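The lines below spell out each chain.
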Amino acid sequence: MKRLGRAFFARPVIDVAPDLLGCRLVRVLPDGTKLVGRIVEVEAYLGDGSDAGSHSHRGPTRRNRAMFGPPGHFYVYLSHGLHVCANLVCEPAGTGAAVLLRAIEPLEGEALMREHRSGRSGRELTSGPGKVAAAFAITLADDGVSALRGALHLAPRPDSRELAIATSTRIGLGKGVDLPYRFFLRENPFVSRGAGRAGQPAPIIEMHCRIEASRRTK
């Protein structure tokens, strides 16, 4: 399976986020078992100081230092002391921009993913960032590891067919919730049903089709 190159991630996070839809998240377990899923929902977090919802908003800390590393690495953190969440670092080192993996469509190794999720199945399996991390056995030990190679990595879309991509405000945040930086595949059953401000469903702002060019996998 091909892998994404560093140049794919060394671009503005707002460009990388929608281009990740349809790409593959791959986890190779110690026994050689492979878990593969199609990325169907993401959220972009800026590192330019304008995004109050971003972990990098107030600068580098011990917790978020992976966000300020080179592009093409994972930033993994613990949310509310309960759920592990995985992000992909974008833009040049020192920027602090990343894309949160919000939902995955299982493609390979689904039975083992269900074991990791205590028997949950269907859309409950990987329709949320904490669910994705649990299903793919992503832990805090993966913070800072390369997304370009190794046991946990990203692979490009297998083709360039058009994708129906919808855009909405982000969900589940206290700050920066109104920014339209959530991207997802319209009508995909594994997309999360998160709420925006005041517990209301995040409204769809825009829907469009994009074609992932093969040159962006280099």
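Residues numbered from 1 in each chain as written. Predicted model: local features only at pLDDT ≥ 70, side-chain atom pairs only at ≥ 80, totals over all residues. Heavy atoms only, no water.

A. Examining the pattern of salt bridges more closely. Per the counting criterion, the structure on display carries 13 salt bridges. Between Asp-19 and Arg-11 there is a salt bridge, with the nearest N and O atoms lying 3.1 Å from each other. For Asp-19, a relative accessible area of 3% corresponds to the buried category. Residue class for Arg-11 comes out buried when judged on its relative accessible area of 17%. Note that Arg-114 and Glu-110 form a salt bridge whose closest N and O atoms lie 3.6 Å from each other. Taken together, the residues Arg-114 and Glu-110, both in helix H3 (residues 110–116) and four residues apart, mark about one turn of the helix. The class for Arg-114 is partly exposed, based on a relative accessible area of 30%. (Salt bridge = Lys/Arg side-chain N within 4 Å of Asp/Glu carboxyl O. Buried < 20%, exposed > 50% of the residue type's maximum accessible area, 1.4 Å probe, protein only. Helix = DSSP H or I, 4+ residues; strand = E, 2+ residues; numbered from the N terminus.)

B. A look at the pairing of strand E3 (residues 74–79). Taken across its six residues, E3 has five buried, putting it largely inside the fold. One ladder, built from six bridges, connects E3 with strand E4 (residues 83–90); its direction is antiparallel. Bridging across to E4, Ser-79 finds its partner in His-83. With antiparallel pairing between neighbouring strands as the criterion, E3 and E4 make up a hairpin whose turn holds three residues, including His-80 at a positive phi of roughly 55 degrees. (Pairing = 2+ DSSP bridges.)

C. Structural view of unusual backbone geometry. Here the phi dihedral of Ala-137 falls at roughly 55 degrees; this positive angle occurs in a residue that is not glycine. Examined against the element boundaries, Ala-137 turns out to sit in the loop between helix H4 (129–135) and strand E6 (152–155). Given the relative accessible area of 28%, Ala-137 is considered partly exposed. With phi around 75 degrees, Glu-187 is a residue other than glycine that occupies positive phi space. Following the sequence through the fold, Glu-187 ends up in the loop between strand E8 (182–185) and strand E9 (204–210). Judged by its relative accessible area of 68%, Glu-187 falls in the exposed class.

D. Region of the structure containing the packing of aromatic side chains. Inspection of the entire model under this criterion finds two aromatic pairs. Between Phe-8 and Phe-9, the aromatic rings sit 5.1 Å apart at their centres with planes inclined by 75 degrees, giving edge-to-face as the arrangement. Neither residue differs from the other here; Phe-8 and Phe-9 are each classed as buried. Cation over ring: Arg-11 sits above Phe-8, and NZ or CZ is 4.8 Å from the ring centre. The residue whose ring lies beneath Arg-182 is Phe-184, and the NZ or CZ to ring-centre distance is 4.4 Å. (Phe/Tyr/Trp six-rings, centres within 6.5 Å; stacked < 30°, edge-to-face > 60°. Lys NZ or Arg CZ within 6 Å of the ring centre and 35° of its normal.)

E. Geometry of the pairing of E6. Where burial is concerned, the two faces of E6 agree: the one with Leu-152 and Leu-154 and the one with His-153 and Ala-155 are both buried. The pairing of strand E1 (residues 24–28) with E6 spans four bridges and is antiparallel. By the bridge assignment, Val-26 is partnered in E6 with His-153.

F. Seen up close, helix H2 (residues 13–20). Taking burial as the measure, the eight residues of H2 include six buried ones, the bulk of the element. Those residues of H2 lying buried are Val-13, Val-16, Ala-17, Pro-18, Asp-19 and Leu-20. Of the residues one or two after H2, Gly-22 is the one with positive phi, at around 95 degrees.

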